[in-house]
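# Coordinate analysis (summary)
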Amino acid sequence: MQLTKKFVKAKNPCAGGYKWFIRDHNGQGDYQAVLDALVADGRVGDACWLLDQFGPTDAVLRLDSLDANAIVFAGTLEVRMGISVDTVVRAGRSIVTGGGIRAGESIVAGENIAAGGNIASGGNLRAGGDVAADWGIETATRLDCGGNVRAKWDICAGQDLAVTGHLHAGQDIATQGAIKCGQGIKAGGAVRAEKEIHAACGIQAGGAIECGDHLACGWGLIAGDDIRAEGAIRAGEGVQAAGVIQAGSGHGVYAGLSVRLDAWDVCARVVAQTRPSQLVSGHWAGADDTGRAGSAPDGQPWSGWLDVGAGRSAGPAR
């Protein structure tokens, strides 16, 4: 794609960026070449603005490794070993590497981000598609994903964590902000947020589920330890904890919000070590006969009864 003065001016660029384009490129130039020149000249913000305006290309850049101050590429970035940048790594389409990704300020892709190692950003991480790491994912600020987020280790964010699809971690999921998930949340360890947690489907954790505000999901809540919230606890179906279930002061525990009253004993079971004092709705079932709070209505393990990653609960239809 060739950029011209008229083409760029129509996008209402800042005065400094437009003067740079006229001075350094005589008001014309190849799209990617201009992006590279902006980055080389320390104008990474202008390069990101230009990519926002003119969008991605189908180009693919393949490298053995990448170690730079910053990179802004309009197509897909494929790096065999790993990516390490001081500030920004950004691609108009996907970022794929067999190693890890480290960026001092931000990691941004218009489509997918996939790493064979760790993904770590000193600022935010944003992807229009899926984000997947064979190790962990860590951001100092926000994590925004338009698809699914999956990591074999921890997923941690310094601010809000927003995922349109499923959120899966082999170990803990933790954020100092809120967790908002358009599908289900599943963690081998704990799920913790300083603010609210909301999932459109179910939440399943091998450890505790804890948040500093309201806790809500459209299906069921399952924890291998306590379920605690500073606000209300709301579930469309059942709530089950191997430990205790405790809402915040003045708030209630609401189970079965999406099922018929006559199906509560099957689809809105509340299971914990002790009956929650704030239980407002749902069928209190206590601990199961084995003394372990962990059986589903059909006697199968709860982890199989509610698979938040595969789709619908295997419990009876309502």
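Reading the values: rules and limits
Residues numbered from 1 in each chain as written. Predicted model: local features only at pLDDT ≥ 70, side-chain atom pairs only at ≥ 80, totals over all residues. Heavy atoms only, no water. Phe/Tyr/Trp six-rings, centres within 6.5 Å; stacked < 30°, edge-to-face > 60°. Helix = DSSP H or I, 4+ residues; strand = E, 2+ residues; numbered from the N terminus. Buried < 20%, exposed > 50% of the residue type's maximum accessible area, 1.4 Å probe, protein only. Pairing = 2+ DSSP bridges. Contact = heavy atoms within 4.5 Å. Salt bridge = Lys/Arg side-chain N within 4 Å of Asp/Glu carboxyl O. Arc of directions from axis to C-beta. Polar contact = N/O pair within 3.5 Å; in protein donor to acceptor, adjacent residues only side chain to side chain.

Let's shift gears to the packing of aromatic side chains. In total, this model carries two aromatic pairs according to the counting rule given. Ring geometry for Trp135 and Trp153: centres 5.1 Å apart, planes at 10°, overall stacked. Within this pair, whereas Trp135 is found in the loop between strand 15 (131–133) and strand 16 (137–139), its partner Trp153 is found in the loop between strand 18 (149–151) and strand 19 (155–157), the two being separated by 18 residues in sequence. Residue classification places Trp153 among the partly exposed positions, given a relative accessible area of 40%.

This part covers the pairing of strand 11 (residues 106–109). Burial of the side chains of strand 11 extends over both faces: Ser106 and Val108 are buried on one face and Ile107 and Ala109 on the other. In this sheet, strand 11 lies alongside strand 8 (residues 88–91) in parallel orientation, the contact comprising four bridges. The residue bridging Arg90 from the neighbouring strand is Val108, located in strand 11. Sheet topology note: the strand 11/strand 14 (residues 124–127) ladder contains four bridges and is parallel. Directly across from Val108, in strand 14, lies its bridge partner Arg126.

Attention now goes to the environment of Gly188. As for its placement among the helices and strands, Gly188 is situated in the loop between strand 24 (185–187) and strand 25 (191–193). You can call Gly188 partly exposed: its relative accessible area is 48%. Sequence-distant contacts of Gly188, defined by excluding residues within four places in its chain, comprise Ala169, Gly170, Gln171, Gly206 and Gly207.

As a further point, take the pattern of salt bridges. As enumerated under the stated definition, the model contains 13 salt bridges in all. As a salt-bridge pair, Asp64 and Arg80 come within 3.3 Å of each other at their nearest N and O atoms. Here Asp64, found in the loop between strand 3 (60–63) and strand 4 (66–68), pairs with Arg80, found in the loop between strand 6 (76–79) and strand 7 (83–85); they are 16 residues apart in sequence, far enough to count as distant. Given the relative accessible area of 55%, Arg80 is considered exposed. Bridged by salt links that share partners, the residues Asp58, Arg93 and Glu111 form one connected network.

Our next topic: the sheet that holds strand 34 (residues 245–246). Here we have 11 strands laid out as an open sheet, ordered 4-7-10-13-16-19-22-25-28-31-34, and parallel in their pairing. Two strands bound the open sheet, and with one partner strand each, they are strand 4 and strand 34. Direction of pairing for strand 22 (residues 173–175) relative to strand 25: parallel, over a ladder of three bridges. In the sheet register, Ile173 faces strand 25, and the bridge partner there is Val191.

This paragraph deals with helix 3 (residues 31–40). Every buried residue belonging to helix 3 is among Tyr31, Gln32, Val34, Leu35, Leu38 and Val39, and all of these are buried. With its buried residues spanning 160° around the axis, helix 3 presents them on a single face. The N-cap of helix 3, judged by a side-chain oxygen 3.2 Å from the amide nitrogen of Gln32 a few residues on, is Asp30. Taken from the residues just after helix 3, Gly42 is the one with a positive phi, measuring 80°.

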